[in-house]
Amino acid sequence: SSDCVVAEQLCLSDSTCNATYRTLENCVLAKTHLLSLDHGSRVRCLNAELDLGNSSLLHCKCRRRMKRQEHCLRIFWTVHSSMTDAENNCESPLPSTVEHWETDYNKLAALVSGKNCSQLAGGATNPCLRATHVCNLSKKCIRLRTDYASICTKGAGSEDVCDRRKCHKGLRNFFEKVPEDFTKRILFCPCQDEFCGERRRKTIVPDCSFQYNTKPNCLWLLDSCLEDHICKSRLADFQQNCQPVDMSPDGCSLHNRAACLQAYMGMIGTPMTPNYVSNSSVEVSLWCTCENSGNQKEKCDQILGMFESNKCL
């Protein structure tokens, strides 16, 4: 089956596959807890991974916006347990098709454009504000946007530290559950002045979800990402779909543009959440630095460059 949850059920119903899969689960658990394995155990783990190569689990995927997504991703990374380093060309657990959503955005946009100037509060000249007004006319969009905004702004202006984990989860819910017709317009709205740029930058609530008091090392962000099934999966998807192509005239594969933007949106709400770096440009980055990276400076620059110097973005 192409669905990892269904493929797991099929495997567990077969005694041989079940035993092999349970062995591999224990191997992954030992690796997660940094437990050292003796030679015999390492051989058993390798054999289990090779044996599962003949099962339906090997080629299973996890759909975007699916129920039990985290469980599905855990299955995928159990089967592909050797693919843990960002330097590997990891197979993405997410299908490489761009989803299209039929929404009533245009109908709602027409309602907004029919309002008077005082109600729009600058929406006619501020595409980001207009996109927000349209979102407010959709019950689902305004509910999930209000949910993450309230979580991500708690503690703002006080000594309390925001709950970054809950903020990230709220952001993921918004970008996963609201039709992309709305979320893309809010995130990628075109700006010609800093007021508009500020609203676009604040979409991701940078004080909570993006910025720390001091910039951490980018390799620390990477390690945090690789420890999380969702982040690791979306990073593999981003690397796969936002890979620059030297043969292309502008350095990026034309057929990958939409998939790259979708993969970029998938990184929001993870430990490697990107954002616009200022109110006056469309440059994006991670909130991290490569200072004091020692002999891993090149690897660190590579991680940061995926966002800062990526022609596909």
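Residue positions are counted from 1 within each chain, in the order its sequence is given. A pLDDT threshold of at least 70 governs which residues receive local features in this predicted model, and a stricter bar of 80 or more applies before side-chain atom pairs are shown or counted, although totals over entire chains, interfaces and linings include all residues. Excluding hydrogens and water, the side-chain figures rest on all heavy atoms present in the structure.

**Q** Talk me through the state of the cysteines; I want residue IDs and the actual numbers.
**A** When the sulfur atoms of two cysteines come within 2.5 Å, that pair is taken as a disulfide. All told, the structure shown has 13 disulfides when counted by the stated rule. Two residues share a disulfide in this structure: Cys152 and Cys167, whose sulfurs sit 2.0 Å from each other. The chirality of the disulfide connecting Cys152 with Cys167 is right-handed, given an S-S dihedral of about 105 degrees. With Cys152 in helix H8 (residues 139–152) and Cys167 in helix H9 (residues 164–177), this residue pair connects regions lying 15 residues apart in the sequence. Each helix is a run of H or I in the DSSP string that is no shorter than four residues. Each strand is a run of E no shorter than two, and both are numbered from the N terminus.

**Q** So, the confidence of the model for the protein chain: which residues are in play, and what are the values?
**A** Every residue gets a pLDDT, meaning the predictor's confidence in that residue, from 0 to 100. On average, the protein chain scores 81 in pLDDT, and the residues at 70 or more come to 80%. In what follows, a contact means two residues having at least one pair of non-hydrogen atoms within 4.5 Å. In this model, residues 83–89 is a region of pLDDT below 50 whose contacts with residues beyond four sequence positions or in other chains number 19 contacts. pLDDT under 50 marks residues 116–123. Its contacts with residues more than four places away, or in other chains, come to 10 contacts.

**Q** Outline a positive patch on the surface, listing residues and values.
**A** Taken together, the side chains of Lys140, Arg143, Lys154, Arg165, Lys166, Lys169 and Lys177 define a basic patch exposed on the protein surface. Taken together, the elements giving at least two residues each to the positive patch come down to H8 and H9. Per-element tally for the positive patch: the top contributor is H9, with four residues. Within the secondary structure, Arg143 is located in helix H8. Patches were defined on residues exceeding 30% relative accessible area and lacking a salt bridge, with like-charge contacts within 9 Å and nonpolar side-chain contacts (Val, Leu, Ile, Met, Phe, Trp, Tyr) within 5 Å. Exposure was quantified through the Shrake-Rupley algorithm and a 1.4 Å probe, taking into account, for residues, occlusion by the shown protein chains and nothing else. By definition here, a salt bridge exists when the distance from a side-chain nitrogen of Lys or Arg to a carboxyl oxygen of Asp or Glu is within 4 Å. Charge assignment in this entry is limited to Lys and Arg as positive and Asp and Glu as negative, and neither His nor the chain termini are counted. We put the charge of a Lys on NZ, of an Arg on CZ, of an Asp on CG and of a Glu on CD.

**Q** Hey, could you go over the nonpolar core for me, with residue numbers and the actual values?
**A** Only buried residues count toward a nonpolar core. Its members are Ala, Val, Leu, Ile, Met, Phe, Trp, Tyr and Cys residues joined through side-chain atoms within 4.5 Å. Each residue is assigned to one of three classes by its accessible area relative to the maximum for its type, calculated with a 1.4 Å probe on protein chains only: buried under 20%, partly exposed between the two thresholds, exposed over 50%. In terms of nonpolar packing, the biggest core is built from 47 residues, with Phe174, Leu187, Phe238, Met272, Leu286 and Phe307 touching the most fellow members. Elements that contribute at least two residues to this core include exactly helix H7 (127–136), H8, H9, helix H10 (180–187), helix H13 (218–226), helix H14 (229–241), helix H15 (257–267) and helix H16 (297–308). Domain ranges listed in this record stem from an automatic or a database domain assignment. Per-domain counts for this core show at least three residues from each of domain 2 (104–210) and domain 3 (218–309). Here Phe238 is in contact with Gln243, Ala263, Tyr264, Met267, Met306, Phe307, Asn310 and Leu313, once residues within four sequence places are set aside. Membership of the second largest hydrophobic core comes to 23 residues, among which are Ala7, Cys11, Ala48 and Leu73.

**Q** Describe the packing of aromatic side chains, listing the residues and the values that go with them.
**A** Stacked, tilted and edge-to-face are the three classes applied to pairs of Phe, Tyr and Trp rings, where Trp contributes its six-membered ring and a pair requires centres within 6.5 Å; stacked means planes under 30 degrees apart, edge-to-face means over 60, and tilted covers the rest. Counted by the stated rule, this structure contains seven aromatic pairs. Ring geometry for Phe174 and Phe175: centres 5.2 Å apart, planes at 85 degrees, overall edge-to-face. Summarising the burial analysis for this pair, Phe174 and Phe175 share the class buried. An aromatic cluster is built from Tyr148, Phe174 and Phe175, whose rings are joined through pairwise contacts. Only Lys NZ and Arg CZ are tested; either one counts as a charge over a ring when it is within 6 Å of the ring centre and within 35 degrees of the ring normal. Across from the ring centre of Tyr212, 3.9 Å away, lies the NZ or CZ of Arg164, which sits over that ring. Over the ring of Trp287 we find Lys215; its NZ or CZ atom is 4.9 Å from the centre of that ring.

**Q** For the pattern of salt bridges, give the residues involved together with the corresponding values.
**A** Under the counting rule described, the total for this entry stands at eight salt bridges. Ionic pairing is found between Arg74 and Glu25, a salt bridge with its closest N-O pair at 3.3 Å. Taken together, the positions of Arg74 in helix H4 (residues 69–79) and Glu25 in helix H2 (residues 15–32) put the pair 49 residues apart, joining distant regions of the chain. A relative accessible area of 26% places Arg74 in the partly exposed class. Notably, a salt bridge pairs Arg234 with Glu176, separated by 2.2 Å at the nearest N-O pair. Taken together, the residues Arg234 in helix H14 and Glu176 in helix H9 connect sequence positions 58 residues apart.

**Q** Could you give an account of the packing of H13 against H14, naming the residues involved and the relevant values?
**A** The axes used here are C-alpha line fits, helices contributing only the stretch in contact, and every angle between their N-to-C directions lies in the interval 0 to 180 degrees. Running from N to C, H13 and H14 cross one another at 110 degrees; their axes reach a closest spacing of 6 Å. Relative to H14, H13 is oriented roughly perpendicular. From H13, Leu222, Cys225 and Leu226 reach across to H14, where they touch Cys231, Lys232 and Leu235. When residue character is reported, Ala, Val, Leu, Ile, Met, Phe, Trp, Tyr, Cys and Pro are called nonpolar, Asp, Glu, Lys and Arg charged, and the others, Gly included, polar. In terms of residue class, the contact of H13 with H14 is made up of five nonpolar, no polar and one charged. In what follows, roughly perpendicular refers to angles from 65 to 115 degrees, roughly parallel to angles under 35, roughly antiparallel to angles over 145, and oblique to any angle outside these ranges.

**Q** Let's hear about the side chain of Ser281: which residues, and what values?
**A** With respect to the helices, strands and loops of the structure, Ser281 is situated in the loop between strand E1 (275–276) and strand E2 (284–285). Here Ser278 takes part through its side chain, which lies 3.3 Å from a polar atom of the side chain of Ser281. Reaching out from Ser281, the side chain makes a polar contact with the backbone nitrogen of Glu283 at a distance of 3.3 Å. Apart from residues lying up to four places away in sequence, Ser281 is in contact with Arg200 and Tyr276. Polar contacts here mean pairs of N or O atoms no more than 3.5 Å apart (in protein, one a potential hydrogen donor and the other a potential acceptor; neighbouring residues in sequence count only if both atoms are side-chain atoms).

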